[in-house]
Amino acid sequence: MVDHDSLGPVPEPIATLGEVLLALGGRLTRLQTEILAGLGQPLTIRQYRILSRVDAGNTSLTSLSKLARRNLSTMSQSVDKLVQQGLLTRKTSESSRRTMQLALTVEGAAALDAGNRALAKFTSELTTRMPQELQDQILPALQQLFTDVQGDLDDR
């Protein structure tokens, strides 16, 4: 028999969808932050997203800023740090001398791959006890919430 008093207070169940979403978002962010920080090449979530977006073809500072909804100077500082770490290169665009193009280095690609693998493992572990049928039901609702949140950000 477990002595519940020695385990500390039992948290109250979360009552509303909004409370669940807020709590879940915070916990997922915290866990992902810890996972990425523990890699051989530690990354922040912002650095991971920048590497992912550059890998996906968003190679200008302007496009990265728009995707992240950050101002150019903030994004430039983040990119500068990745360049200094040897994870990104910055060169003048062939189409416009005023535009800089970003690219992953070999080290940047390896860091991104390690991050992708670690986060995929985390997702797999997180959902392992959830039946596939339930995952298939939840996914469209979460995608709709994400789309709605993105739309709210666009309107600001």
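Provided above is the structure to which this section pertains.
Residues numbered from 1 in each chain as written. Predicted model: local features only at pLDDT ≥ 70, side-chain atom pairs only at ≥ 80, totals over all residues. Heavy atoms only, no water.

1. Side note on helix α2 (residues 45-55)
At step 1: Turning to α2, its buried residues number three or more, namely Ile 45, Gln 47, Tyr 48, Ile 50, Leu 51 and Val 54.
At step 2: Elements that come into contact with the buried residues of α2 comprise α1 (17-37), α3 (61-68), α4 (72-84), β1 (88-92), β2 (100-104) and α5 (106-127).
At step 3: Positive phi appears at Gly 57, one or two residues downstream of α2, with a value of about 105 degrees. (Buried < 20%, exposed > 50% of the residue type's maximum accessible area, 1.4 Å probe, protein only. Helix = DSSP H or I, 4+ residues; strand = E, 2+ residues; numbered from the N terminus. Contact = heavy atoms within 4.5 Å.)

2. What about a nonpolar patch on the surface?
At step 1: There is a patch of nonpolar side chains on the surface, built from Leu 17, Val 20, Leu 21, Leu 24, Leu 134, Ile 138, Leu 142 and Leu 145 and spanning about 620 Å² of accessible area.
At step 2: At the level of elements, α1 and α6 (132-154) are the ones that each hand at least two residues to the nonpolar patch.
At step 3: You can see Leu 24 is positioned in helix α1. (Patch = residues over 30% accessible without salt bridge, like charges linked within 9 Å, V, L, I, M, F, W, Y side chains within 5 Å. Areas by Shrake-Rupley, 256 points an atom, 1.4 Å probe, with all protein chains shown as cover. Salt bridge = Lys/Arg side-chain N within 4 Å of Asp/Glu carboxyl O.)

3. Considering the pattern of salt bridges
At step 1: Evaluation of the coordinates by the stated rule reveals three salt bridges.
At step 2: Between Asp 80 and Arg 90 there is a salt bridge, with its nearest N and O atoms 2.7 Å apart. Of this pair, Asp 80 sits in helix α4 while Arg 90 sits in strand β1, placing them 10 residues apart in sequence.
At step 3: Judged by relative accessible area, Asp 80 falls into the partly exposed class, the value being 31%.
At step 4: The partly exposed category is assigned to Arg 90, whose relative accessible area is 30%.

4. Comments concerning the packing of α2 against α3
At step 1: Two numbers describe how α2 lies on α3: the axes approach to 11 Å, and their chain directions differ by 125 degrees. On the basis of their axis angle, the class for α2 and α3 is oblique. For α2 against α3, the interelement crossing comes out right-handed. The residues of α3 that touch α2, namely those facing Ile 50, Arg 53 and Val 54, are Leu 64, Leu 67 and Ala 68.
At step 2: Of the residues that constitute the contact of α2 with α3, the class distribution is five nonpolar, no polar and one charged. (Axes fitted to C-alpha atoms, helices over the stretch in contact; angles between N-to-C directions. Parallel < 35°, antiparallel > 145°, perpendicular 65-115°, else oblique. Left-handed = near helix turned anticlockwise from the far one by under 90°. Nonpolar A, V, L, I, M, F, W, Y, C, P; charged D, E, K, R; others polar.)

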